[in-house]
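Working through the structure, step by step
Next come the chains, spelled out residue by residue.
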Amino acid sequence: MNRSSDQYGEFYQRDRSVHPPAYAPDYKTSILRSPKNALISLQNSLSEITGPVFRQDELGPLDNDLILNYAKDGLPIGERIIVHGFVRDENGRPVKNSLVEVWQANAGGRYRHKKDQYLAPIDPNFGGCGRVLTDDNGYYFFRTIKPGPYPWRNRVNDWRPAHIHFSLSGDGFAQRLITQMYFEGDPLIATCPIVRSINNEEAVRTLIAPLDRNAFVQLDSMAYRFDIVLRGRRATLFENRIQGAK
Amino acid sequence: MMVNQFNYLKETASQTAGPYVHIGLAPHAAGFDIFENNFSNVLTTPATRGERIRIEGRVIDGSGTPLRDVLLEIWQANVDGRYNHPADTQDKPLDDSFRGWGRACSDFESGLYTFETIKPGAVEGRHGRTMAPHINLWIVARGINIGLNTRIYFSDEAEANAKDPVLNLIEWEVRRKTLIAQREERDGDVVYRFDVRIQGDNETVFFDV
Ligand SMILES: [Fe+2]
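So, here's what we can say about the structure. (Residues numbered from 1 in each chain as written. Chains lettered and ligands numbered in written order. Predicted model: local features only at pLDDT ≥ 70, side-chain atom pairs only at ≥ 80, totals over all residues. Heavy atoms only, no water.)

1. Looking at unusual backbone geometry
Residue and element names in this part refer to chain B. As a reminder, the rule being used: Strands here mean DSSP runs of E at least two residues long; helices mean DSSP runs of H or I at least four residues long; both are numbered from the N terminus. Exposure is judged per residue with a 1.4 Å probe applied to protein chains only, and the accessible area is read against the type maximum: over 50% gives exposed, under 20% gives buried, and values in between give partly exposed.
Despite not being glycine, histidine 127 has its phi angle at roughly 55°, a positive value. When you line up the elements, histidine 127 lands in the loop between strand 6 (123-124) and strand 7 (130-131). Relative accessible area serves as the criterion here: at 61%, histidine 127 is assigned to the exposed category. Unusually for a residue other than glycine, aspartate 187 sits at a positive phi of about 50°. Mapped onto the elements of the fold, aspartate 187 is located in the loop between strand 10 (180-186) and strand 11 (189-193). A residue is classified by how much of its surface remains accessible, and aspartate 187, at 82% relative accessible area, is exposed.

Written as structure tokens, this is what we have:
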């Protein structure tokens, strides 16, 4: 493969103003799980600018189809939706071959997880996880059931807005990101302590996927569009060239 | 005054991985099988070159309690100190049987995590300063709002560690030891113990990478 046109510089310094702080006391679990010391800033070396490379043949043909990938004797219950979008870096370039992994509750807000005790029932035909690699344009899509909101132990009446968890590998270990996608119009977003751990309205807005009517499948599925941005790389200028790196 | 605008995009905000991260990233640990091929905490195959090691430990919160719902990933060079990624052009052999990446969940009862891997070689660092052998570690869980990055170094590499450019960035010498995994031998197996303290006494050093 000829990658001579690609640059593998170090990543831009992470702009922490778009991210939640480690300590966000309204999200109570973060109180004991947040470091008190400052992070030590590290100029990137090969250890940060490289990362795992995944291959298409490691994934199964139904891995991005949550409607079918756990169907046992019928289809899962709930609203059929497509979720799709582009993964780009801060320079606006596509992030190719990024592993995108998703997990979610079923239509009733229940996870297929041995630690989830919520009384809404498990759906026998829904696993709630999927994965896909982005293509050369950074594009990904999967098909699923719209998850339901669910109550959780924080304050007595806290309910999570409907959401899908996203994990992205990127192309370098320092790009690794986990986030959550929310749905346009959900009134629970505004009061969720996990959403509000992000102290930046614009950053919150980018986590809310709008309906994408152009991608609906007639008489079958609605669609939501969720674009994701991972960290961008510097051009390898002057003394910023990393030893041993292209 | 109006100036030209840069058009960089902003990174998407992080959100906690939550209590059910296992469903997405390690469904078997959540209690069900769905994918044919699963990513795991075993990085080696019989063909992999290098000294077999196990890394094990706990991730401990600010009250001293081990996290029992944490997910960890490691990324490391091969035995010759080369990463299996196109950006690494060091003149060293690749090992096709070693991706260098693995994922582990802590045990739901004990909180113990383990990785089965090889000890990596030293990698060239910035300005030609060789880095001591190390493994890059990334930690997510419920209550962790953005993944924590740190490094695992090895107790039997004292000389290399003393010269390591990253360890030497840590102004407080007493904190450097939080990144050193302790080597033990158990029934002929090499085990490195690496506990992570997220908060409190002997808090582990985390990096803004
Ligand atoms: Fe969730």
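Next comes the rest of the account.
2. Thoughts on the coordination of the iron ion
Residue and element names in this part refer to chain A. Heads up, the condition is: Coordination here is defined by N, O and S atoms within 2.8 Å of the metal (3.2 Å for Na, K and Ca), and since water is not considered, a site can look incomplete. In this scheme the shape depends on donor count and angles: four donors with every angle between 85 and 135 degrees give tetrahedral, four or six donors with opposite pairs above 155 degrees and others between 65 and 115 give square planar or octahedral in turn, and any other case is irregular.
Listed as protein donors to the iron ion are Tyr111 (OH), Tyr150 (OH), His163 (NE2) and His165 (NE2); their distances from the metal cover 1.9 to 2.2 Å. Coordination at the iron ion is irregular, judged from the four donor atoms that bind it and the angles of 91 to 161° they form at the metal. In terms of primary sequence, the donors binding the iron ion are separated according to Y-x38-Y-x12-H-x1-H. You can see tyrosine 111 sitting in the loop between strand 3 (99-103) and strand 4 (129-133) and its partner tyrosine 150 sitting in strand 6 (residues 150-151), a full 39 residues away along the chain. Here tyrosine 111 and tyrosine 150 have matching classes, each one buried.

3. Focus: the interface of chain A and chain B
Keep this limit in mind: The criterion used for residue contact is that any of the two residues' heavy atoms lie within 4.5 Å. When two components associate, each loses some accessible surface as probed by a 1.4 Å sphere; the sum of these losses over both components is called the buried area. By convention in these notes, a salt bridge is any Lys or Arg side-chain nitrogen within 4 Å of a carboxyl oxygen on Asp or Glu. Pairs of N or O atoms are called polar contacts if they sit within 3.5 Å, as long as, within protein, a hydrogen donor faces a hydrogen acceptor (for residues adjacent in sequence, only side-chain-to-side-chain pairs). The nonpolar class holds Ala, Val, Leu, Ile, Met, Phe, Trp, Tyr, Cys and Pro. Asp, Glu, Lys and Arg form the charged class, and all remaining residues, Gly among them, are polar. Note on pairing: two strands pair once DSSP finds at least 2 bridges between them.
Contact with chain A, which involves 93 residues of that partner, is made by 79 residues of chain B. Both sides of the chain A and chain B interface together cover about 7800 Å² of buried area, and 58% of this is carbon and sulfur. Contact with chain B buries area across many residues of chain A, yet Arg33(A), Ile40(A) and Phe173(A) alone supply 11% of it, more than any other trio. Inspection of the region where chain A meets chain B yields nine salt bridges. The shortest N-O distance in the salt bridge between Asp15(A) and Lys10(B) comes to 2.9 Å. Viewed at the interface, chain B and chain A are joined by 44 residue pairs in polar contact (both at pLDDT 80 or more). Listed by contribution, the elements that provide at least two residues to the side of chain A that touches chain B are strand 1 (40-41), helix 1 (46-49), strand 2 (80-89), strand 3, strand 4, strand 8 (163-168), strand 9 (177-183) and strand 12 (228-230) of chain A. Ranked by residues supplied to the side of chain A that touches chain B, first place goes to strand 9 of chain A with five residues. Split by residue class, the side of chain A that touches chain B holds 40 nonpolar, 27 polar and 26 charged. Relative to strand 13 (residues 207-208) of chain B, strand 1 of chain A runs parallel, the two sharing two bridges. Of the residues in strand 13 of chain B, the one forming a bridge with Ser41(A) is Asp208(B).

That is the geometry; function is a separate question.
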